Amino acid sequence: FPSHDKGGSRLTLSVEALISDTIADTYLSRQKLSIASLVRVIKERCYKSNIKPPAVNTVRSRIKKLQHDKVVILREGLDAARKLKAVEGQFPKVDNPLDIVQIDHTLVDVIIVDTYNRQPIGRPWITIAIDIYSRCIVGFCLTLEAPSATSVGLCLSHVVIDKRPWLERIGVGVEWSMFGKPKVINVDNGSEFHSEALKRGCEVHGIKITYRPVGSPHYGGIIERVIGTMMKMVHELPGTTFSNIIERGNYDSDKKASLTLAELEKWFALAISSYHLSVHSGIVEPPTNRWKKAVDLGWKPFYIQNATNFLVDFLPILYRRIQRQGFIVDHITYMSSSLKPWISDKEKGHKFIIRRDPRDLSNIYVLHPEENHYVKVSYGAIGNPAITLWEHKLAIKRIKDEGRKAVNEEEIIKVIEKMRIVTTEAITKSKSARRKTARLEHLKNSKVPDLISPPIPSTTSTSNELQIIKRFDDIEEW
């Protein structure tokens, strides 16, 4: 029988067992019942078992005796329990800027509009890179496309370049002196960070990739905090979606939207400049001060002079054998007179490594099988327009949906041109059509992405068609 001594339980064993069982299968669960609900369930079970139910205070005292960590794990999950403990496994000590750079993506909490009619087209994605030592944001990439190997490559390209020419081009008069090649990039376990393109690019440029341990979100705390800071600033913009429905209330994000993608890019440049000048709680000084102190003490960044070459090393990879007419990649033919020696040796069956920018399929970059550089090869049909990969895929789908068995380059281009005409006509009526048009903005003036400079032609070639991108010779580092 239960002891009636001071401090002992006055309940029968059957009541104690019933309380314990009910706490285990109802209170200690992800359903997270309140104590009042728990008491009600205990009473119901007692009545069914013809047992006198315990008092409310008795149940509360049993809850207080439970191990707090166990309660949190069972009711809230492991992630919540980790937050109660001292954070273990933090980053190794960083001695200088760019020792470790964290990279992550988020969907921006604002709706943007198209360039032509200022109508809403949806929310863009941003990829942000932050330097662990100084907490400076060292680069970003703003795009309408979901995170991919390309957006990671574009972000890294932005990290390594001197940003003054880019700031002048977009018309933003602020200082952003942080640039250079990182020694280590720290990322999560998204597929885009495990891509062959990223791994090869980092190997070529001597950048180590480290992955945050699965189930250990605190390893990404620094980048997540800066993203949170940026999104709080975004919430002040017209067209913001805020973080959730409760915050948004009756605010009509679509109706208030007024910024284009290019204008939002400018805003981020200004916001980052402001962030760099504000005291950061983690280092108790402005990030720009910490960066400049390292420079004053003699630290210098590894500078990548030619961002075009750098970006090519991070573009998605394909493998193709050369044909008599050149390279055929997804029904598109690419040809240059510089390929003739390779065509002569095509019987060897060599598979070439090819990289291409999904935003502009008018060129591919072929790794020379013997020398350490890429060769830029353009469309075989010179008059074809620059197209994007998503247009290309949609065109092939439409051709097949129409029941046509033969898919060829001519038909693909025809369908894409028709789609562009339809999109232009529908632009004032459809948000998706406006979004498609916005995706083509970078093709309007040039086939070369705005962020990077044109490739340097070879000085040894007699052919005007041959454009060689040397991998190391024209990369200046100090």
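Residues numbered from 1 in each chain as written. Predicted model: local features only at pLDDT ≥ 70, side-chain atom pairs only at ≥ 80, totals over all residues. Heavy atoms only, no water.

Novice: Whenever I open this one, the confidence of the model for the protein chain confuses me. Can you help?
Specialist: When pLDDT drops low, the exact placement of atoms in the prediction is not to be read closely. For the protein chain, per-residue confidence averages 80 on the pLDDT scale, and residues scoring 70 or more make up 81% of the total. Low pLDDT (under 50) marks residues 445-478, which in the prediction has 75 contacts with non-local residues, meaning those over four places away or in another chain. (pLDDT = per-residue confidence, 0-100. Contact = heavy atoms within 4.5 Å.)

Novice: How do you make sense of the environment of Ile227 when you look at a structure like this?
Specialist: Structurally, the position occupied by Ile227 is in helix α9 (residues 221-234). In sequence terms Ile227 and Asp104 are 123 residues apart; their C-alpha atoms lie 8.6 Å from each other. Apart from the residues within four sequence positions on either side, Ile227 is in contact with Asp104, His105, Thr106 and Ile128. (Helix = DSSP H or I, 4+ residues; strand = E, 2+ residues; numbered from the N terminus.)

Novice: I'm lost on the pattern of salt bridges in this one. Help?
Specialist: It is possible for side chains of opposite charge to pair when their charged atoms get near one another. Per the counting criterion, the structure on display carries 17 salt bridges. With its nearest N and O atoms 2.8 Å apart, the salt bridge here joins Arg62 to Glu16. You can see Arg62 sitting in helix α3 (residues 56-64) and its partner Glu16 sitting in helix α1 (residues 13-27), a full 46 residues away along the chain. The class for Arg62 is buried, based on a relative accessible area of 18%. One salt bridge connects Asp162 with Arg164, and the closest N-O pair in it is separated by 2.5 Å. On the basis of relative accessibility, which here comes to 56%, the residue Arg164 falls in the exposed class. (Salt bridge = Lys/Arg side-chain N within 4 Å of Asp/Glu carboxyl O. Buried < 20%, exposed > 50% of the residue type's maximum accessible area, 1.4 Å probe, protein only.)

Novice: Help me understand the packing of aromatic side chains in this model?
Specialist: Here the distance between the centres and the angle between the planes together describe a pair of aromatic rings. Taken as a whole and judged by the stated rule, the model has 11 aromatic pairs. Relative to Trp166, the ring of Phe140 has its centre 5.9 Å away and its plane inclined at 75 degrees; by these criteria the two rings are edge-to-face. With Phe140 in strand β5 (residues 137-143) and Trp166 in helix α7 (residues 164-170), this residue pair connects regions lying 26 residues apart in the sequence. Accessibility expressed as a relative area gives 6% for Trp166, which makes it buried. Ring geometry for Phe140 against Trp176: centres 6.1 Å apart, planes inclined by 5 degrees, an arrangement best described as stacked. Highlighted residues: Phe140 in strand β5 and Trp176 in the loop between α7 and β6 (184-187), separated in sequence by 36 residues. For Phe140, a relative accessible area of 4% gives the class buried. (Phe/Tyr/Trp six-rings, centres within 6.5 Å; stacked < 30°, edge-to-face > 60°.)

Novice: Help me understand the sheet that holds β6 in this model?
Specialist: Sheets are built from strands paired through backbone hydrogen bonds, the pairs being either parallel or antiparallel. Strand order across the open sheet formed by 5 strands is β5-β4-β1-β6-β7, with mixed pairing between neighbours. Since the sheet does not close on itself, it has two edges, and those belong to β5 and β7 (208-211), each with one partner. On average, adjacent strands in this sheet sit at an angle of 20 degrees to one another, irrespective of strand direction. Where β6 and β7 come together, 4 bridges link them in parallel fashion. Each bridged residue has a counterpart across the sheet, and for Val187 the counterpart in β7 is Tyr211. Against the sheet, helix α8 (residues 196-204) touches β6 and β7, its axis set at about 135 degrees to β7. Along the sheet face, α9 touches β1 (100-107), β4 (125-131) and β5 and points at about 45 degrees away from the line of β1. (Pairing = 2+ DSSP bridges. Axes fitted to C-alpha atoms, helices over the stretch in contact; angles between N-to-C directions.)

Novice: Please explain the pairing of β1 as it appears in this structure.
Specialist: For a regular strand, side chains alternate in direction, first toward one face of the sheet and then toward the other. Summarising burial for β1: 7 of the 8 residues are buried, a large majority. Relative to β4, β1 runs antiparallel, the two being bridged by 7 bridges. If you follow Ile103 over to β4, its bridge partner there is Ala129.

Novice: Got a minute to help me understand the packing of helix α2 (residues 35-48) against α3 in this structure?
Specialist: The description of two helices packed together rests on the angle between their axes and the distance between the axes. Where α2 contacts α3, the axes come no closer than 10 Å and their chain directions differ by 115 degrees. Crossing of α2 against α3: the hand is right-handed. Between α2, through Ile35, Leu38, Val39 and Ile42, and α3, the contact on the second element is made entirely by Val56, Val59, Arg60 and Ile63. A breakdown of the residues in the contact of α2 with α3 according to their chemical character gives 7 nonpolar, no polar and 1 charged. (Left-handed = near helix turned anticlockwise from the far one by under 90°. Nonpolar A, V, L, I, M, F, W, Y, C, P; charged D, E, K, R; others polar.)

Novice: Would you explain unusual backbone geometry in this entry?
Specialist: For residues other than glycine, phi is negative in most cases, and the peptide bonds are mostly trans. Of note in the backbone geometry, Asn50 takes a positive phi value of approximately 60 degrees without being a glycine. Checked against the element boundaries, Asn50 lands in the loop between α2 and α3. The exposure class assigned to Asn50 is exposed, which follows from its relative accessible area of 74%. Positive phi, normally seen in glycine, also occurs at Val284, with a value near 55 degrees. Structurally, Val284 can be placed in the loop between α12 (261-277) and α13 (287-296). Take Val284: its relative accessible area is 66%, and that puts it in the exposed class.

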